[in-house]
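# Observations on chain architecture
Below are the chains, spelled out letter by letter.
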Amino acid sequence: MDICYISEYVPPSSFGGVETVVAGEASYMRKEGHTTFLITFDRAKNKIEIKEDDIFGQRYVIRHRKYSDTKSMLKKQVLLFFSFFNITDVIQVRRILKKEKPDIIHLHLVTNLFLRAYLSTKHNCIYTSHDYSLLCPKGGLYKKKGYLCKRPFFICHLWRIISMTCVPPRIIAVSNYMKKILLPYYKKPLQLIQLNNFITEEYFKNIHKKVPKARDKFIIIFIGRLQKQKGVHLLIEAFRQLAYRNVELWIIGDGEESSSLKRAAGQDSHIHFWGRLNHKDLASYLEKADVLVAPSLCPETFGIVLIEAMAYGIPIIASRIGAFTEIIADNENGILIQPGNVDYIRYALEEIIANETLYSEISKNNINKAKEYSLVIHGQKLIEIYGSILGL
């Protein structure tokens, strides 16, 4: 098969869950003998740049301006508008597809409604829904204070109607939770397929990790965007209430809440901000971590960082919300807590720190659980999906 991947987010220009999935799928397909190429959107000297690529084989970069290219709020709004309604992208993508004639077109997080509408007419097109962008123009389904948006404005309802019209007849949902969220809005004759995200094989090199870890220093880790809805401010508050002295909190990631979180941490020498790391650098931090905390206030559609931590045998404390409950079984893979509650975060941390038996059992369980999310399993299922599209 010849497979075209289209995504706005790809490495090395950015690192995150979507980027990991797109690169992982392409790498697996090429390993299995299929050919792939990528269409993405980034800064470029020409309207289209063609580059040889170790991951995708060939990379077509369609020129785009970024929000960070200007400080003017008016220009930022103009760029935002054209990210949703850009006919130039349709023309360029059409030219590339006419030239390459791929068997499969696989979209990952494409916000341009015109482009999605054009590609939805292609019988060989499939879309992976990673977040809420099909239902929310912000892609997050949350209010400014970080809590779930339960009463969307009229413009949001209009967005859902238009957006869900401009999707291919086949959608991959990255969790059962995501599938349930999309189902009421999907009116076309459809195939709504659940296919979990994955971790690459390099994570399984750490299966031999000693369980439980030595307790000379207990490291609590958070990995993700520093946004209000991630609940990091509550984690910092809970951490500062702990009575233990040999405990550190490592916060990995960046975002608009970075400055306010550093102010909340004050001069506490046990709280460290490491900024945003790529996946290779992240490995050394996960090797040292004792527990990962994901105190999200809004339902997450998956949680790649959870299964990455599992492969290292790290117990997890996570909000009892969204797809987290599909990954974490309470007291088997970690501890599920009520979202938005500082006391519950503190109690869970105290339990994991003090209870060596519980820690050991959860750690062993997580090493086994992580094997269910391997790229090989994901890739084999994806080949079956591609085959069903082509009638193979």
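### Thoughts on the packing of aromatic side chains
One pair of aromatic rings is described through two measures. These are the centre distance and the angle between the planes. By the definition in use, this model includes 8 aromatic pairs. When the ring of Trp250 is compared with that of Tyr285, the centres are 5.7 Å apart and the planes differ by 75°; the resulting orientation is edge-to-face. Placement of Trp250 in strand β10 (residues 247-252) and of Tyr285 in helix α9 (residues 279-288) is noted, with a sequence separation of 35 residues between them. Considered together, Trp250 and Tyr285 belong to a single accessibility category, that of buried residues. Taking 6.5 Å as the distance between ring centres and 70° as the angle between the ring planes, the aromatic pair formed by Tyr344 and Tyr347 counts as edge-to-face. Of this pair, Tyr344 and Tyr347 are both found in helix α12 (residues 342-354), 3 residues apart, which corresponds to roughly one turn of the helix. Taken together, the aromatic side chains of Trp250, Trp274 and Tyr285 make up a single cluster linked through ring pairs.

### Observations regarding the sheet that holds β10
With respect to topology, 6 strands assemble into an open sheet ordered β11-β10-β9-β12-β13-β14, the strand pairing being parallel. The two strands at the open ends of the sheet, each matched to only one other strand, are β11 (271-275) and β14 (334-337). The average undirected angle you get between the axes of adjacent strands in this sheet is 20°. As judged from the 4 bridges shared by strand β13 (residues 316-319) and β14, these two strands associate in the parallel manner. By the bridge assignment for β14, Ala318 is matched with Leu336. Against the sheet, helix α10 (residues 304-311) makes contact with β9 (218-223), β12 (291-294) and β13, and its axis sits at roughly 170° relative to β12, the strand it touches most.

### Looking at the sheet that holds strand β2 (residues 35-42)
Taking strand neighbours across the sheet as the criterion, the 8 strands line up as β3-β4-β2-β1-β5-β6-β7-β8 in an open arrangement whose pairing is mixed. Two strands in the sheet have a free side with no partner beyond their single neighbour: β3 (48-53) and β8 (191-194). Taken over all neighbouring pairs, the strand axes of this sheet differ in orientation by 20° on average, direction set aside. Inspection of the sheet shows strand β5 (residues 104-108) paired to strand β6 (residues 125-129) by 4 bridges, in the parallel sense. The partner of His106 across the bridge, within β6, is Ile126. Contacting β1 (2-7), β2, β3, β4 (57-63) and β5, helix α1 (residues 17-31) crosses the sheet at an angle of about 170° to β1.

### Details of unusual backbone geometry
Of note, the phi angle at Leu109 is positive, near 50°, even though the residue is not glycine. By the secondary structure assignment, Leu109 is in the loop between β5 and α4 (113-119). Phi is positive for Asn331, close to 65°, though the residue is something other than glycine. Here Asn331 lies in the loop between α11 (324-327) and β14. On the basis of relative accessibility, which here comes to 45%, the residue Asn331 falls in the partly exposed class.

What counts and how
- One numbering rule holds for all chains: residues counted from 1, following each sequence as written.
- It should be noted that, the model being predicted, local features are given only for residues of pLDDT at least 70 and side-chain atom pairs only at 80 or more, the latter also being counted only at that level, while totals for whole chains, interfaces and linings use all residues.
- As a rule here, side-chain values come from all non-hydrogen atoms in the structure, and water together with hydrogens is ignored.
- Any two of the Phe, Tyr and Trp rings considered here, Trp counted by its six-membered ring, make a pair once their centres fall within 6.5 Å; the pair's planes then place it as stacked at under 30 degrees, edge-to-face at over 60, or tilted in between.
- Working definition: helices are DSSP H or I runs of at least four residues, strands are E runs of at least two. Numbering for both runs from the N terminus.
- Residue exposure (1.4 Å probe, protein chains only): buried if accessible area is under 20% of the type maximum, exposed if over 50%, otherwise partly exposed.
- The pairing criterion for strands is at least two bridges between them, as found by DSSP.
- Interaxial angle, 0 to 180 degrees, is taken between N-to-C directions of lines fitted to C-alpha atoms, where a helix line uses only the stretch in contact.
- Contact definition: two residues touch when any of their heavy atoms are within 4.5 Å.

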